[in-house]
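So the chains spell out like this:
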Amino acid sequence: MKSLYRSLPLLFVVDCSLSWVNVSAKSHDNFLDCLSSYHPDESSSIFKVTYTETNSSYSPVLESSIRNHRFSTPNTPKPLVIVTPLNISHVQATIRCSKKHGLQIRTRSGGHDYEGLSYVSHVPFVVIDLVHFKSVEVDVENEEVWVQSGAIVGEVYYRINERSTKLTFPGAFGYTVGMGGFISGGGDGLLSRKYGLAADNVIDAQFVDASGRVLDRRSMGEDLFWAIRGGGGGSFGIVLSWKIKLVHVPSIVTVFSVGRTLEQNATQLLHRWQYVAPNLPNDVYSLVAISAWKASENERRTVLVTFSSVFQGGANELIPLMQERFPELGLVKEDFIEMTWTESVLFINGLSNETSEALLERNRSLLPPSFKSKSDFVHEPVPEIALQGLWPQLLEVDEAISAVQTFIAYGGMMDEISETETPFPHRKGTLYKIHYNIGWQEEENIRSQRYISWMRKLYSYMGPFVSKSPRAANNDDGKASYKQASVWGRTYFKNNFDRLVSVKTKIDPENFFKHEQSIPPHFH
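Residues numbered from 1 in each chain as written. Predicted model: local features only at pLDDT ≥ 70, side-chain atom pairs only at ≥ 80, totals over all residues. Heavy atoms only, no water.

- An unreviewed UniProt entry lists the protein chain under the name FAD-binding PCMH-type domain-containing protein, with Gossypium mustelinum given as the organism.
- For the record of the protein chain, the UniProt heading Sequence similarities (unreviewed entry) holds the text "Belongs to the oxygen-dependent FAD-linked oxidoreductase family."
- The UniProt entry for the protein chain carries the following comment under Cofactor (unreviewed entry): "FAD". (UniProt positions renumbered as here; feature names shortened; annotations may be inferred.)

Printed below as a string of structure tokens:
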């Protein structure tokens, strides 16, 4: 009898696992039958763009836009079905059938989300991949563009530039980011200090709610239109396209990128940058990249701090400005390079030797195969002694492909737009954003916990020096409960959270659109 009792827990686990498989299989079959009822005509069948695990195209489609291969291991939960809709009716049918048969939905526009929330779930789920929703319709005369959510930022830059070299939109630093996730998260980038966020420049949207209704700005109302522009992806419904106001860029912009090591006073220069960059004219985009570096095999590793800028104007304006505001950096005339706006996007992404067609390459990886990323927002300059404490931590991870911290200056228009204008809260008083990243080879995923632990240690170290009470940064691992998500929401969205919850309760009271970091309705 004793041995029988010892076996019960194992039997229970096996029984639960089989029950889960049976439930998933039943939901899967019922879901597919439901889709068929919406699209019985084979010539226009949704099944041409529906993939299950028995389909040979399932894995290639799933992996096509996964940017973080930490979430493409055999143990990563996979969707029961992937739908890559060609039209609105495909989206509506997928929503209605998922809702009817108890499946969650994850919506993917580019796959750049750090924790895989757009294509991973721990309950039975369906992925709507908007890869075919990628049209970019530029209206030069009215200085507007309709962009579908599945387009990447680089495609938008490229299509606008085809029609006009004097117009663009306030897009992302990284050009492979999908437009849906970029704008729904607020969308800061190369022109934020001059024109605000991408979300600040949206003037209309096409949206599908949990009932399958298609809404525009007028029919959805201003509260929902406010919420989707910075309230986070996957909380309210699916935005299929955005109408964006275009902004002006000059025919010539000026860039520079110079590196300084610890031996070249990099610590003191970085400390000084915190006071200079957020107060530069709005035409200057400024960032700093910090990483370990070794000039040759025979030299010991040090820390390299690279100062880069994109200026909306000529070198004859930027040179005296930098000499006046940041003489310590020691820039010389040869450091300043004039180019077009599109060329500057390539430059800042390390693609100076490529043509503008590179912006169309949506599958190019700008990040290591597997990585862990986090972010912070800084309201007061970090003391010099605290910066010195970062260097040993950067130098201790020599096995990683990369360990980089990027400081991106705010200020300018980011200070001038109210934090209630859109849900994005990091406005006035934010000096800069920090982006932390550590990357490793995909085959090293078995050792990923070591790199993640390093990131958490670094993040903990920075805690006293960044925004606090609360710390206004992203949740750690995307595995929070709904109660925890509410706490995180109040932390991240601050005064906007109650309004976001109110919108969520009105548009999706049953909480159909949900994930680990989504906005909960009131009853949760």
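Back to the text.
### Some details on helix H15 (residues 448-462)
Right, on to step 1. Over its 15 residues, H15 extends 21 Å from the first C-alpha to the last, a length consistent with the 21 Å expected when each residue adds 1.5 Å.
Right, on to step 2. Listed as buried for H15 are Ser448, Tyr451, Ile452, Trp454, Met455, Leu458, Tyr459 and Met462. Take H15 and look down its axis: the buried residues cluster within an arc of 155°, on one side only.
Right, on to step 3. As for H15, its buried residues are in contact with strand S16 (370-378), helix H13 (391-395), strand S17 (402-409) and strand S18 (432-440). (Helix = DSSP H or I, 4+ residues; strand = E, 2+ residues; numbered from the N terminus. Expected span 1.5 Å × (residues − 1). Buried < 20%, exposed > 50% of the residue type's maximum accessible area, 1.4 Å probe, protein only. Arc of directions from axis to C-beta. Contact = heavy atoms within 4.5 Å.)

### Comments concerning the packing of aromatic side chains
Right, on to step 1. Enumeration over the complete set of coordinates arrives at 13 aromatic pairs.
Right, on to step 2. A centroid spacing of 5.4 Å and a plane angle of 40° characterise the contact between Tyr157 and Phe169, whose relative ring orientation is tilted. Note that Tyr157 is positioned in helix H4 (residues 153-163) and Phe169 in the loop between strand S7 (167-168) and helix H5 (179-184), a separation of 12 residues in sequence. Across this residue pair, the class does not change: Tyr157 and Phe169 are buried.
Right, on to step 3. Its end group placed over the ring of Tyr459, Lys374 keeps NZ or CZ at 4.1 Å from the ring centre.
Right, on to step 4. Stacked on the ring of Trp226, the Lys or Arg Arg499 has its end atom at 4.0 Å from the ring centre. (Phe/Tyr/Trp six-rings, centres within 6.5 Å; stacked < 30°, edge-to-face > 60°. Lys NZ or Arg CZ within 6 Å of the ring centre and 35° of its normal.)

### Focus on the sheet that holds S17
Two pairing modes exist for strands in a sheet, parallel and antiparallel, and in both the strands are linked by backbone hydrogen bonds.
Right, on to step 1. Reading across the sheet, the 7 strands line up as S15-S12-S14-S13-S17-S18-S16 and stay open at both edges, with antiparallel pairing between neighbours. Here the strands that pair on one side only, and so sit at the sheet edges, are strand S15 (337-339) and S16. Across the sheet, the mean angle from the axis of one strand to that of its neighbour is 20°, orientation sign disregarded.
Right, on to step 2. Relative to strand S14 (residues 302-311), strand S13 (residues 284-293) runs antiparallel, the two sharing 10 bridges. Bridge pairing in S14 links Trp293 to Thr302.
Right, on to step 3. Across the face of the sheet, helix H10 (residues 315-325) comes into contact with strand S12 (253-261), S13, S14 and S15 while running at roughly 35° to S12.
Right, on to step 4. Relative to the sheet, H15 contacts S16, S17 and S18, its axis offset from that of S18 by approximately 160°. (Pairing = 2+ DSSP bridges. Axes fitted to C-alpha atoms, helices over the stretch in contact; angles between N-to-C directions.)

### Some points on the side chain of Thr52
Right, on to step 1. Turning to its location among the elements, Thr52 is positioned in strand S1 (residues 50-52).
Right, on to step 2. A residue is classified by how much of its surface remains accessible, and Thr52, at 12% relative accessible area, is buried.
Right, on to step 3. Engagement of the side chain of Thr52 in a polar contact is seen with the side chain of Thr54, the distance being 2.9 Å.
Right, on to step 4. Apart from residues no more than four positions distant in its own chain, Thr52 is found in contact with His28, Leu32, Tyr58, Leu80 and Val81. (Polar contact = N/O pair within 3.5 Å; in protein donor to acceptor, adjacent residues only side chain to side chain.)

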